Amino acid sequence: MAYYKAIKGKTVLSLASDLDNAEGEGQIWFNTTSSDFKTIVKVAGTWSTGGTMGTARYYLAGCGTLPAGLIMGGGPGDKDETEEYNGTSWSEQNDLNTARDQPSGCGTQTAALSISGNPGGSAAVIVEQYDGSSWTEIADINTARRSSNAAGTSTAAIYIGGGPGLKDETEEWNGTSWTEVADQNQARFYAGGCGVSTDALIFGGLTPPATANVEKWDGSSWTEVANIPAAVGELSGSGTSSDAALSIGGAPGVTAVNSFNGTAWASENAMNLGRSGQAKSSCGSILACFAAGGTTPAQAAATSSEEWDWSSTLAAGTWATGNDTNQDRHGGAGCGTQTAGLGMGSYDPSTDNAETYDGTSWTEVNNLNTARGYFSGFGTQTAGTAVGGASSGVDATMDFTEEFDGTNWTESGDLTTARNNLASAGTQTAGITSGGSPGLAITETYDGSSWTEVGDLNTGGHTHGSCGVQTSALAVAGQRSGYATIVESFNGTSWTEVGDINNARDQIAAAGVSDSSAIAFAGQSSPPNQNQDHTEQFDGTSWTEVANLNTARYYTCSNIGTKTLALCACGTGDKNATEEFTQAQNVEVITD
């Protein structure tokens, strides 16, 4: 018997509380408080709407990954169109040399194969290779066929089964030529498949009728393994090996999705649209893939695509009501964490009041030296910083910087440019501030005593959210010639535009530890003074909407917390309300 240490390289930990980080995924620990063995597992995967293809089609081929996919060929008729996917939109590329439906594909977006198919109604031996720009004919397969499956790369692939009739042949590609190797046990066409040339699966398909049979390829022979839950043909597959696979859709109008762990199949969340004959073969991993085109339940060629995401170990996040602040405030600032936060200032009327939060209640502490609102804060509860702002009634824009040591506030070096409605991130000794009224692009960094101008925002603005650290920060949405969805990332030197937020708004709040781990919430949108309750999370590439705030608001005390443990305090909408966002790892008790 193998021991856990021999498998995982470590012993089972004994802990009084659960692990709460991604490193715990797949590990086992013993919780001494509850007397349970536990582990962190992925939450249910979800399908979301992807980009619209340029050409409606079915019986097409697909390969690559999400977000770097490739589709080619298909019907009705013979299609030669090739499209690339960047995770957001499809774009047309150079056509295949031979138009055809029912081809198979494998490889990546920049190094792919399109194998055989049914040009002019006859099964073909044609193989074309894609280099990221154009297609070139290479060595033919040995047996003409169509509606087959392929797996692997452009230099190491296998081509499996198909029609007309029933084919059981398997051919292996070494980058130069095709060689017939061991046949399948069950001949079939219109099957699903995935994997690599030495470790692949083929499942379902038509024998006919439809079959639930599944076979595993080990590089030399096929072995029958556990069947998919239901017999189905014209389905697609995704996965990088035979023990990490997805079975997706099928005819007629099947939405079912099943995952394989090397031993058994399990039902997962269904697709939004039942489809058959969609792009299949090597279209990603079990964690992230796409389904593109196909035949809809109305028997029409589709231009739609869907994206599968099963990568998160985080449970659904929720906002919970906390205790109110002692001081009503809007247009104030904040910093720190959910259990050690600092809120300060306000506008109309301006205040110098400051409070700390311990995860349960707010406590008043020593006041700022200068009353202000529409400013920003960064740092921690015991090493916080307040910068810029304005004073209501006087309408004076400020350049003042103050530092908090957990007890007292001390004035420090002034901004090079006075401004209000600016945004900040970082620590008390390594901070960054950007933008400000009216529509400024100015960015300055702070070393604990003085400010230095660095690269400007690409799009000037104000009332955007900011979070992260000095060398990895975000500037989120804001007022940039209108309510914006623009998001920019700072690397310590310059700003680069990244994935837009879903909901345009200004006066938005943000929190997070870097430019790839952030949360944004609240804000104001069109029509003017329309409070928002939207909450979105950022993974470095795209924003995903999560649980809404209980109270819609804007001009909150921003920059408190992390992507999974954030705090929303005060703001226009409810000037002393506090809410806590919590999103824990998906911890499960091991029962057997």
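Just so it is clear, the structure is predicted and the values come from calculations on it, not from any experiment.

Undergrad: Quick one: what's the story with the overall build of the protein, residue by residue and with numbers?
TA: Scanning the protein for helices and strands turns up one helix and 54 strands. Structurally, the protein occupies a C-alpha span of about 85 × 55 × 40 Å along its principal axes. Long-range contacts, defined here as pairs at least 24 residues apart, represent 50% of the contacts in the protein between residues at least 6 apart. Carbon and sulfur atoms make up 47% of the accessible area of the protein, which amounts to about 21,700 Å² in all. Separation between the mean location of the 23 positive side-chain charges and that of the 65 negative ones in the protein comes to 6 Å.

Undergrad: Would you mind going over the side chain of glutamine 338 in detail, with residue names and values included?
TA: Relative to the elements of secondary structure, glutamine 338 occurs in the loop between β28 (333–336) and β29 (341–346). Of note is the side chain of glutamine 338, whose polar atom sits 2.9 Å from the backbone oxygen of alanine 566. When near neighbours in sequence (up to four residues on either side) are disregarded, glutamine 338 contacts Tyr357, Gly359, Ile560, Gly561, Leu565, Ala566, Leu567, Glu580, Phe581 and Thr582.

Undergrad: Any details on empty space enclosed by the protein? Residues and values, ideally.
TA: Across all of its chains, the model carries two cavities of 30 Å³ or more by this definition. Taken as a whole, the largest cavity spans an internal volume of roughly 250 Å³. As for the largest cavity, its lining consists of 22 residues, and the residues nearest its centre are Phe375, Leu422, His464, Thr556 and Ser558. For the lining of the largest cavity, the secondary structure elements donating two or more residues are β28, β32 (376–379), β38 (423–427) and β42 (465–469). Tallied by class, the residues present in the lining of the largest cavity amount to seven nonpolar, 15 polar and no charged. There is about 50 Å³ of room inside the second largest cavity.

Undergrad: Break down the sheet that holds strand β51 (residues 543–546) for me, citing the residues and quoting the values.
TA: Across the sheet, which stays open at both edges, the four strands sit in the order β46-β47-β50-β51 with antiparallel pairing between neighbours. Only two strands of the sheet have a single partner each, and these edge strands are β46 (509–514) and β51. For this sheet, the mean inter-axis angle between neighbouring strands, taken without regard to orientation, is 20 degrees. Across four bridges, strand β50 (residues 535–538) lies against β51 in antiparallel orientation. Paired with glutamine 537 across the bridge in β51 is threonine 544.

Undergrad: Describe in detail the pattern of salt bridges, supporting the description with residues and values.
TA: Under the criterion given, the structure shown has 12 salt bridges. Where glutamate 215 meets arginine 188, a salt bridge forms, and the shortest distance between an N and an O atom there is 3.0 Å. Placement of glutamate 215 in strand β19 (residues 214–217) and of arginine 188 in the loop between β16 (178–181) and β17 (192–196) is noted, with a sequence separation of 27 residues between them. Taken as a pair, glutamate 215 and arginine 188 share a single burial class, namely buried.

Undergrad: If you had to explain the layout of surface pockets to someone new, which residues and values would you point to?
TA: In this structure, the largest pocket encloses a volume near 1,700 Å³. Lining the largest pocket are 46 residues, and of these Asp309, Asp539, Ser542, Trp543 and Thr544 sit closest to its centre. Mapped onto the lining of the largest pocket, the elements with two or more residues apiece are β4 (46–49), β26 (305–309) and β51. In terms of residue count, β51 provides more of the lining of the largest pocket than any other element does, four residues in total. Here the residues of the lining of the largest pocket sort into 17 nonpolar, 22 polar and seven charged.

Undergrad: Tell me about the nonpolar core, and please be specific about residues and values.
TA: Within the largest apolar cluster, 21 residues are counted, with the highest numbers of intra-cluster contacts made by Trp47 and Ile71. At four residues, strand β25 (residues 288–292) tops the list of elements feeding residues into this core. With sequence-adjacent residues up to four places away left out, isoleucine 71 is seen in contact with Met53, Arg57, Leu60, Ala61, Gly62, Glu81, Thr82, Glu83, Trp90, Ala279, Phe290 and Ala292. Of all hydrophobic cores here, the second largest spans 12 residues; its members include Val476, Ile508, Ala510 and Phe538.

Undergrad: Could you give me a rundown of unusual backbone geometry, with the residues and numbers involved?
TA: At the junction of leucine 66 and proline 67, the peptide bond is cis and its omega measures out at 20 degrees in the coordinates. Positionally, proline 67 belongs in the loop between β5 (61–64) and β6 (69–72). Here glycine 163 and proline 164 are connected by a cis peptide whose omega angle stands at 5 degrees. Looking at where proline 164 falls in the secondary structure, it is placed in the loop between β14 (157–162) and β15 (167–173). The backbone phi angle of serine 35 is positive, close to 60 degrees, even though this residue is not glycine.

Undergrad: Explain the pairing of strand β11 (residues 127–130) to me, using residue names and the numbers behind them.
TA: Summarising the sheet, strand β10 (residues 111–115) and β11 pair through four bridges and their orientation is antiparallel. Looking across to β11, one finds that serine 114 is bridged to glutamate 128. Bridge count for β11 against strand β12 (residues 135–137) is three bridges, and the pairing is antiparallel. Within β12, the position partnered with glutamate 128 by the bridge is glutamate 137. Remark: four residues form the turn of the hairpin made by β11 and β12, two consecutive strands paired antiparallel; glycine 132 in that turn has positive phi of roughly 95 degrees.

Undergrad: Can you lay out the side chain of glutamate 128 for me, pointing to particular residues and giving the numbers?
TA: Examined against the element boundaries, glutamate 128 turns out to sit in strand β11. Within the structure, glutamate 128 has its side chain in polar contact with the side chain of asparagine 97 (distance 2.8 Å). At 3.1 Å, the side chain of glutamate 128 and the backbone nitrogen of threonine 98 are in polar contact. For glutamate 128, the contacting residues outside a window of four places in its chain are Leu96, Asn97, Thr98, Arg100, Ala112, Leu113, Ser114, Trp135, Thr136 and Glu137.

Undergrad: Quick rundown of the pairing of strand β8 (residues 90–93)? Include the residues and the values.
TA: The sheet contact formed by strand β7 (residues 82–85) and β8 spans four bridges and is antiparallel. Note on β8: the bridge partner recorded for glutamate 83 is glutamate 92. Hairpin remark: β7 followed by β8, antiparallel, with four residues in the connecting loop; positive phi at glycine 87, about 95 degrees.

Undergrad: Break down the sheet that holds strand β3 (residues 36–40) for me, with residues and values.
TA: An order of β1-β2-β3-β54 is seen for the four strands of this open sheet, with the pairing classed as mixed. The two strands at the open ends of the sheet, each matched to only one other strand, are β1 (13–15) and β54 (587–589). Within the sheet, the average angular offset between the axes of one strand and its neighbour, ignoring direction, is 35 degrees. Where strand β2 (residues 28–31) and β3 come together, four bridges link them in antiparallel fashion. Its bridge partner being in β3, isoleucine 28 is matched across the sheet by threonine 39.

What counts, and where the lines are drawn
Residues numbered from 1 in each chain as written. Predicted model: local features only at pLDDT ≥ 70, side-chain atom pairs only at ≥ 80, totals over all residues. Heavy atoms only, no water. Helix = DSSP H or I, 4+ residues; strand = E, 2+ residues; numbered from the N terminus. Contact = heavy atoms within 4.5 Å. Areas by Shrake-Rupley, 256 points an atom, 1.4 Å probe, with all protein chains shown as cover. Lys, Arg positive; Asp, Glu negative; His and termini not counted. Charge placed at Lys NZ, Arg CZ, Asp CG, Glu CD. Polar contact = N/O pair within 3.5 Å; in protein donor to acceptor, adjacent residues only side chain to side chain. 1 Å grid on protein atoms, 1.4 Å probe; cavity = no way out; pocket = protein on both sides within 12 Å on 5 of 7 lines; lining within 4 Å. Points joined across faces, edges and corners; volume = space filled by probe spheres on them. Nonpolar A, V, L, I, M, F, W, Y, C, P; charged D, E, K, R; others polar. Pairing = 2+ DSSP bridges. Axes fitted to C-alpha atoms, helices over the stretch in contact; angles between N-to-C directions. Salt bridge = Lys/Arg side-chain N within 4 Å of Asp/Glu carboxyl O. Buried < 20%, exposed > 50% of the residue type's maximum accessible area, 1.4 Å probe, protein only. Core = buried A, V, L, I, M, F, W, Y, C linked by side-chain atoms within 4.5 Å.

In short, geometric facts, not functional conclusions.
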